[in-house]
Amino acid sequence: MTLRTRILLVILAMQLLLIGVLAAGSLDRLRRDIATETRMGAQTARDLVLATIGTMQGAVPPDRIMALLPERLTEPHHARIGVVDGLDGTLRQPPGPPDPVLRRPDWFAALVAPDPQEMRLPVVVGGRPRGYVLITGDPAAEIARAWRDMRDLMILALATAGLQALLIAWAVRQALRPVGTIATRLSDLIRGDLETRIGPLPQPELAPLARHVDRLAETLEQAQADRRRLQQQIVARADAERMAIARDLHDEMGPCLFGLRVEADALREAAPDAATAQSAAQIAAIAEQISRVNRTLLNDLRPMAVGQLPLPTVLGDYVDDLNRRFPETRFQLEVASGLPEPDEATALTLFRILQEGTTNALRHAAARSVTIRLWTDPAHWRMILSDDGQGIAPDRREGTGLTGMRERITLLGGNLAIQSDGAGTRLQARLPRQQTDRNRTTK
Ligand SMILES: Nc1ncnc2c1ncn2[C@@H]1O[C@H](COP(=O)(O)OP(=O)(O)OP(=O)(O)O)[C@@H](O)[C@H]1O
Ligand SMILES: [Mg+2]
């Protein structure tokens, strides 16, 4: 049950209780009033009858008094008069005003009707009883008036209660409206939208809540920025380390191997015998092999072109090289035009995805065609690499290649989705764009 319904129900119950108490109090008062009025009506009727008989005594022949009495009387309010002749027992009533139309429900009449009031006044003329006058209280008109009053009062009370309930429902709704805003804001936070704020609220009870939600969003935003910065530092540091190793391999190993080859060549030239010359030639061949391995290592550790040339060129060169070396598989690169130049960590990651993805397609997929798409949305770098090979077998676990790719992407705050079935494999990578790359575009 909503808070609003609950508040309304409590208030309505209170209203109904109040109306009930009011009705019970009114009923009690009405019952007493009606009884008093009826009693007074009967009393008035009695006075009237006595006075009328008094004036008739002497003025009318005694044996005519009973016959003329009903004509001389008029019924007062709230009482009925009946004249009963002692001789023949007939009952005659004086003419009264026409009965008004009285409307009231029977249950109400039963609730407020007073005890019946009846009085018999014997008529004695010349010392002889001639009959009697029957006076009964008649509360009907009073009951009908009381019903009208009561009904109007109840209608007024119910209308007021209804109006009050409407006003309260409206006020509660207005007061609780910001709760909806706060809930929406919190679910925005859960979805990762940390930027919008609720702002100050006019409701003093809810304002601190809104303030705290806004503070929470700020703190989260700050924490996320910190985390992103740290992740980038980790990736950048690892890249820097690789670069240092690559530099050492290049600067230290390279010249040594070159010197070794030159010396081996010199030894072969100056060898005193064929066996020494052959050994020298072999040393030169081994040195040549080591420097080939060294070059591959260097390229793996740090693709030299990344960061030096625009990313589309680096990726294009790599794909051209693949197409040359593996003519039975068609590699196709689609790069959106006008891309910004990413920061170096992102560029290196995109290059690594291409490198590992194409290598996997060649090694495991037996693919005939591999397509790589690169584009950006307002907040991300997006790369999809799909092949038409046999797909990743369900029992296969991710090896160093895919795990390393995922780790690197996650460290930069992005994500990697891998879909694979019998028709091929599809890697979808999404990397957040840095503030710095948003405005720069490649020339
Ligand atoms: N494009 C693909 N098509 C079919 N199978 C794939 C594909 N990519 C990966 N796999 C399967 O997933 C496994 C894990 O791939 P991953 O790149 O992580 O490791 P690897 O290629 O076996 O080894 P590494 O990359 O460390 O040299 C692979 O051994 C292969 O069975
Ligand atoms: Mg691999």
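From a predicted model like this one, the values you see are computed outputs, not experimental measurements.

Peer 1: Report on the overall build of the chain, specifying residues and quantitative values.
Peer 2: Across its full length, the chain holds 10 helices and 9 strands. Based on the C-alpha atoms only, the size of the chain along its principal axes is roughly 190 × 45 × 35 Å. Every one of the 443 residues in the chain was classed for burial, and the buried ones make up 19%. Taking contacts inside the chain between residues at least 6 apart in sequence as the whole, the part at least 24 apart equals 71%.

Peer 1: Describe in detail the site of ligand 1, supporting the description with residues and values.
Peer 2: Around ligand 1 sit 19 residues, and of these Ala-365, Gly-399, Thr-400, Gly-401 and Leu-402 come closest. Of all the secondary structure elements, the ones that give two or more residues to the shell around ligand 1 are helix H8 (344–365) and helix H9 (400–411). Looking at the shell around ligand 1, the element that brings in the most residues is H8, giving 5 residues. Its residues placed into classes, the shell around ligand 1 shows 5 nonpolar, 10 polar and 4 charged.

Peer 1: How would you sum up the nonpolar core? Please name residues and give values.
Peer 2: In this structure, Leu-315, Leu-350, Ile-353, Leu-354, Ile-372 and Met-383 are the most contacted members of the largest nonpolar core, which totals 30 residues. Of all the elements in the fold, those that place two or more residues in this core are helix H7 (311–325), strand E5 (330–335), H8, strand E6 (369–376), strand E7 (380–387), H9 and strand E9 (424–432). Sorting elements by how many residues they give to this core places H8 first, with 8 residues. Those residues within four positions of Leu-315 in sequence are excluded, and the remaining contacts are Leu-333, Val-335, Phe-351, Leu-354 and Leu-374. Of all hydrophobic cores here, the second largest spans 15 residues; its members include Ala-42, Ile-65, Leu-69 and Val-133.

Peer 1: If you had to explain the packing of H7 against H8 to someone new, which residues and values would you point to?
Peer 2: Put simply, H7 and H8 touch, their axes get as near as 10 Å, and they point 15° apart. Here H8 runs roughly parallel to H7, going by the angle between their axes. Here H7 runs over H8; the crossing is right-handed. Packed against H7, whose contacting residues are Leu-311, Val-314, Leu-315, Tyr-318 and Leu-322, the element H8 presents Ala-347, Leu-350, Phe-351, Leu-354, Gln-355 and Thr-358 at the interface.

Peer 1: Give a detailed account of the domain arrangement of the chain, specifying residues and quantitative values.
Peer 2: Parsing the chain into structural domains produces domain 1 (3–164) and domain 2 (309–443). Relative to domain 2, the C-alpha centre of domain 1 lies at a distance of 102 Å.

Peer 1: Describe the sheet that holds strand E4 (residues 128–137), and please don't skip the residues or the numbers.
Peer 2: What holds strands together in a sheet is hydrogen bonding between their backbones, with the strands either parallel or antiparallel. Across the sheet, which stays open at both edges, the 4 strands sit in the order E2-E1-E4-E3 with antiparallel pairing between neighbours. Since the sheet does not close on itself, it has two edges, and those belong to strand E2 (91–92) and strand E3 (118–125), each with one partner. Summarising the sheet, strand E1 (residues 79–85) and E4 pair through 7 bridges and their orientation is antiparallel. Opposite Val-84, over in E4, you have Tyr-132 as the bridge partner. Set on the sheet, helix H2 (residues 65–72) makes contact with E1, E2, E3 and E4; between it and E1 the angle comes to about 165°.

Peer 1: Can you explain H9? Please cite residues and give values.
Peer 2: Compared with the 16 Å implied by 1.5 Å per residue over 12 residues, the 16 Å span of H9 between its first and last C-alpha is a close match. For H9, every residue scored as buried is listed here: Met-405, Arg-408 and Ile-409. Along the axis of H9, the buried positions cluster into a sector of 100°, meaning they face one direction only. Opposite its buried face, H9 presents the exposed residues Thr-400, Thr-403, Glu-407 and Thr-410, each directed more than 90 degrees away. Phi for Gly-413, located one or two positions after H9, is positive at around 90°.

Peer 1: Can you break down the sheet that holds E9 residue by residue, with the values?
Peer 2: The mixed open sheet is built from 5 strands, whose spatial order is E5-E6-E7-E9-E8. Of all the strands in the sheet, the pair left with one neighbour each is E5 and strand E8 (415–421). Averaged over all neighbouring strand pairs, the angle between strand axes comes to 10°, with direction disregarded. Here E6 runs beside E7; their pairing, made up of 7 bridges, is antiparallel. When the sheet's bridge partners are listed, Ile-372 is paired in E7 with Leu-385. Contacting E5 and E6, H7 crosses the sheet at an angle of about 170° to E5. Contacting E8 and E9, H9 crosses the sheet at an angle of about 145° to E8.

Peer 1: Please provide a residue-by-residue account of unusual backbone geometry, values included.
Peer 2: With a phi close to 65°, His-78 is a non-glycine residue in the positive phi region. Position of His-78 among the secondary structure elements: in the loop between H2 and E1.

Peer 1: Would you mind going over the environment of Ile-372 in detail, with residue names and values included?
Peer 2: With respect to the helices, strands and loops of the structure, Ile-372 is situated in strand E6. Once the C-alpha coordinates of Ile-372 and Pro-95 are considered, the two residues, 277 residues apart in sequence, prove to be 114 Å apart. Setting aside chain neighbours within four positions, we find Ile-372 in contact with Leu-333, Leu-354, Met-383 and Leu-385.

Peer 1: Let's hear about the packing of H8 against H9: which residues, and what values?
Peer 2: A packed helix pair is summarised by two numbers, namely the angle formed by the two axes and the spacing between the axes. Two numbers describe how H8 lies on H9: the axes approach to 10 Å, and their chain directions differ by 160°. By the criterion of interaxial angle, the relationship of H8 to H9 is roughly antiparallel. For H8 against H9, the interelement crossing comes out left-handed. Residues Thr-349, Arg-352, Ile-353, Glu-356 and Asn-360 of H8 form the contact with H9, whose participating residues are Gly-401, Met-405, Arg-408 and Ile-409. Looking at the contact of H8 with H9 residue by residue, the class counts come to 3 nonpolar, 3 polar and 3 charged.

Peer 1: Describe the pairing of E4, naming the residues involved and giving the relevant values.
Peer 2: Relative to E4, E3 runs antiparallel, the two being bridged by 8 bridges. When the bridges of E4 are listed, Val-125 appears paired with Arg-128. Where E3 folds back on E4, the antiparallel hairpin that results is connected by 2 residues, among which Gly-126 adopts a positive phi of roughly 60°.

Thresholds applied
- Residues numbered from 1 in each chain as written.
- Chains lettered and ligands numbered in written order.
- Predicted model: local features only at pLDDT ≥ 70, side-chain atom pairs only at ≥ 80, totals over all residues.
- Helix = DSSP H or I, 4+ residues; strand = E, 2+ residues; numbered from the N terminus.
- Buried ≥ 20, exposed ≤ 12 C-beta atoms within 10 Å, placed from the backbone.
- Contact = placed C-beta atoms within 7 Å.
- Near = placed C-beta within 6 Å.
- Nonpolar A, V, L, I, M, F, W, Y, C, P; charged D, E, K, R; others polar.
- Core = buried A, V, L, I, M, F, W, Y, C linked by C-beta atoms within 7 Å.
- Axes fitted to C-alpha atoms, helices over the stretch in contact; angles between N-to-C directions.
- Parallel < 35°, antiparallel > 145°, perpendicular 65-115°, else oblique.
- Left-handed = near helix turned anticlockwise from the far one by under 90°.
- Domains from an automatic or database assignment.
- Pairing = 2+ DSSP bridges.
- Expected span 1.5 Å × (residues − 1).
- Arc of directions from axis to C-beta.

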